[in-house]
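Coordinates in review
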Amino acid sequence: MFGLGTKNIGIDLGTANTLVYIDGKGIVLREPSVVAKNTKTGEVVAVGTEARDMIGRTPGSIVAIRPMKDGVIADYDTTAAMMKYFMEKSQGRGAGKPYVMVCVPSGVTEVEKRAVIDATRVAGARDAYVIEEPFAAAIGAGLPVMDPTGSMVVDIGGGTTDVATISLGGIVSSRSIRMAGDKFDEAVIYYIRQHFNLLIGERTAEDVKMQIGSASLEKAAEIEGMTVRGRDLISGLPKTVDIEAVDIAKALQEVVSEIITAIKETLEETSPEIAADVIDHGIVLTGGGAMLKNLPEVIADATKVPVFVAQAPLDCVAIGTGESLKNIDIMKKR
């Protein structure tokens, strides 16, 4: 059925990062979903890590952009160019055309789904299929998705948080909200601007979130603060300020509560049997956002259900997307 010598590929096409999984090899590529383009010629200057290092540091003629926004394609041509680059880099030039499985958020429209499939074909796929992100995350986290037992997964990516209960190989109830890693970063930028008159960039906000960010105001008091550098909004000059972890926890509260609301709404839509299974097995968190300090405890406290972070949360969607290639005939009918 598949071309000899051509390995099938699973792509976790994320707002923040793209991971490529090759059948039989596992995850072979992990790079930021960023493209640097020359605005005058339209030429792609750099892709991935190299392009991300240019964010906020490019001359006027070069712009570093993220072609994915909120989990869907915002810039079609740039996304296709980025995927082509990642596919060639992971396979090596001259490889045959692979069958490709790409993950999409659970709330995408048919038009957005079609855009992903078309972009993947343009990038060099023989054919492309899509799998919903929470389903892929559940497979990657090792949950028994094909069994007649309910599982619940919360995938907190860069652009979207996807919440789903899964049973018998399908999604029973789900929510996809545009409140995830990027919104955490935006909240940090906004809070520091409002309270410290300091303007910081996306990468600094991400570093602050990862180092001292906490979902819990109480536990944040135990985390040591950090020094942050940016531009003073009053004088316009570079400035350094010391920021406490409690400040960042306050900044993140609204996004955390939106994620908890989505989890509660998804649980409310499930049958009593599946709700009982979820209480027994717990809620599994995947994605980069799952690594926010104290998030499992805060969600468990709000839902009264045990919460666990999956092993290798950043890789779950890519692994699940790749694993689903083994059942590509079933996926074609979905």
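Residues numbered from 1 in each chain as written. Predicted model: local features only at pLDDT ≥ 70, side-chain atom pairs only at ≥ 80, totals over all residues. Heavy atoms only, no water.

1. Some thoughts on the overall build of the protein
Secondary structure summary: the protein contains 12 helices and 18 strands in total. In terms of C-alpha radius of gyration, the protein reaches 20 Å, essentially the compact-globule figure of 20 Å for 334 residues. For the protein, the C-alpha atoms occupy an extent of roughly 65 × 55 × 30 Å along the three principal directions. Considering only residue pairs separated by 6 or more positions, the protein has 63% of its internal contacts joining residues 24 or more positions apart. Summing over all exposed atoms, the protein offers an accessible surface of approximately 15,100 Å²; the carbon and sulfur share of this is 51%. Seen as two clouds, the 35 positive and the 45 negative side-chain charges of the protein have centres 7 Å apart. (Helix = DSSP H or I, 4+ residues; strand = E, 2+ residues; numbered from the N terminus. Rg over C-alpha atoms; globule rule 2.2 N^0.38 Å. Contact = heavy atoms within 4.5 Å. Areas by Shrake-Rupley, 256 points an atom, 1.4 Å probe, with all protein chains shown as cover. Lys, Arg positive; Asp, Glu negative; His and termini not counted. Charge placed at Lys NZ, Arg CZ, Asp CG, Glu CD.)

2. Comments concerning the sheet that holds strand E16 (residues 238-243)
What the 3 strands build is an open sheet, ordered E14-E15-E16; its pairing is antiparallel. With one partner strand each, in any of the chains shown, strand E14 (198-199) and E16 form the two edges of the open sheet. Note that E14 and strand E15 (residues 226-232) share 2 bridges and pair antiparallel. Each residue of the ladder has a partner; that of Leu-199, found in E15, is Arg-231. Contacting E14 and E16, helix H5 (residues 181-196) runs over the sheet at an angle of about 100° to E16. Against the sheet, helix H6 (residues 202-212) contacts E15 and E16, and its axis sits at roughly 160° relative to E15. (Pairing = 2+ DSSP bridges. Axes fitted to C-alpha atoms, helices over the stretch in contact; angles between N-to-C directions.)

3. A look at the nonpolar core
Ile-263 and Ile-283 are the most contacted members of the largest nonpolar core, which has 49 residues in total. Considering every element that reaches this core, the biggest residue donor is helix H8 (residues 245-268), with 12 residues. Mapping this core onto the domain boundaries places at least three of its residues in each of domain 2 (138-177 + 250-312) and domain 3 (185-249). The residues touching Ile-263, leaving out its near neighbours within four places in the chain, are Met-152, Val-154, Val-163, Ile-283, Ile-299 and Thr-303. (Core = buried A, V, L, I, M, F, W, Y, C linked by side-chain atoms within 4.5 Å. Buried < 20%, exposed > 50% of the residue type's maximum accessible area, 1.4 Å probe, protein only. Domains from an automatic or database assignment.)

4. What to know about the domain arrangement of the protein
By the assigned domains, the protein splits into domain 1 (7-133 + 314-330), domain 2 (138-177 + 250-312) and domain 3 (185-249). Here the C-alpha centroids of domain 2 and domain 3 sit 28 Å apart. Across the boundary between the two partners, domain 2 contributes 12 residues, which contact 18 residues of domain 3. Summing both partners gives a buried area of about 1,200 Å² for domain 2 against domain 3, and 60% of it is carried by carbon and sulfur. There are 0 salt bridges connecting domain 2 and domain 3. (Buried area = accessible area lost by both parts, 1.4 Å probe. Salt bridge = Lys/Arg side-chain N within 4 Å of Asp/Glu carboxyl O.)

5. Comments concerning the side chain of Asp-155
Here Asp-155 lies in strand E11 (residues 151-156). For the buried Asp-155, which has no salt bridge, the nearest side chain bearing the opposite charge is Arg-30, at an N-O separation of 12 Å. Engagement of the side chain of Asp-155 in a polar contact is seen with the side chain of Thr-286, the distance being 2.8 Å. What Asp-155 contacts, discounting residues up to four positions off in sequence, is Glu-133, Ala-137, Thr-160, Thr-161, Asp-162, Thr-286, Gly-287 and Val-317. (Polar contact = N/O pair within 3.5 Å; in protein donor to acceptor, adjacent residues only side chain to side chain.)

6. Considering the pattern of salt bridges
By the definition in use, this model includes 16 salt bridges. A salt bridge links Glu-323 to Lys-326; the shortest N-O distance between them is 3.0 Å. Take Glu-323: its relative accessible area is 27%, and that puts it in the partly exposed class. Given the relative accessible area of 54%, Lys-326 is considered exposed. In this structure, a network of salt bridges that share partners links the residues Arg-66, Asp-182 and Glu-202.

7. A few points about the side chain of Thr-79
Within the secondary structure, Thr-79 sits in helix H2 (residues 76-91). You can call Thr-79 buried: its relative accessible area is 0%. Setting aside residues up to four positions removed in sequence, Thr-79 forms contacts with Leu-13, Pro-67, Met-68 and Ile-73.

8. As for the UniProt feature "binding site: ATP" (unreviewed entry) in the protein
Look at the UniProt record and you will see "binding site: ATP" (unreviewed entry) annotated at Thr-15, Ala-16, Asn-17, Gly-158, Gly-159, Thr-160, Glu-206, Asp-207, Val-208 and Lys-209. For Thr-160, a relative accessible area of 4% puts it in the buried group. Of note, Val-208 is situated in helix H6. For Val-208, a relative accessible area of 1% puts it in the buried group. (UniProt positions renumbered as here; feature names shortened; annotations may be inferred.)

9. Concerning the sheet that holds strand E13 (residues 170-177)
Strand order across the open sheet formed by 5 strands is E13-E12-E11-E17-E18, with mixed pairing between neighbours. Edge positions in the open sheet fall to E13 and strand E18 (307-309), since each of these has one partner strand only. Averaged over all pairs of adjacent strands, the angle between their axes in this sheet comes to 20°, without regard to strand direction. Bridge count between E11 and strand E12 (residues 161-167): 6 bridges; the pairing is antiparallel. Across the sheet, the residue bridging to Ser-151 is Ile-166, located in E12.

10. Section: helix H10 (residues 295-303)
An α-helical turn contains 3.6 residues, so any two residues separated by three or four positions project in the same direction. Taken residue by residue, H10 has Leu-295, Pro-296, Val-298, Ile-299 and Thr-303 as its buried positions. The arc enclosing the buried residues of H10, seen along the axis, measures out at 165°, which places them on a common side. Just beyond H10, the residue with positive phi is Lys-304, at close to 60°. (Arc of directions from axis to C-beta.)

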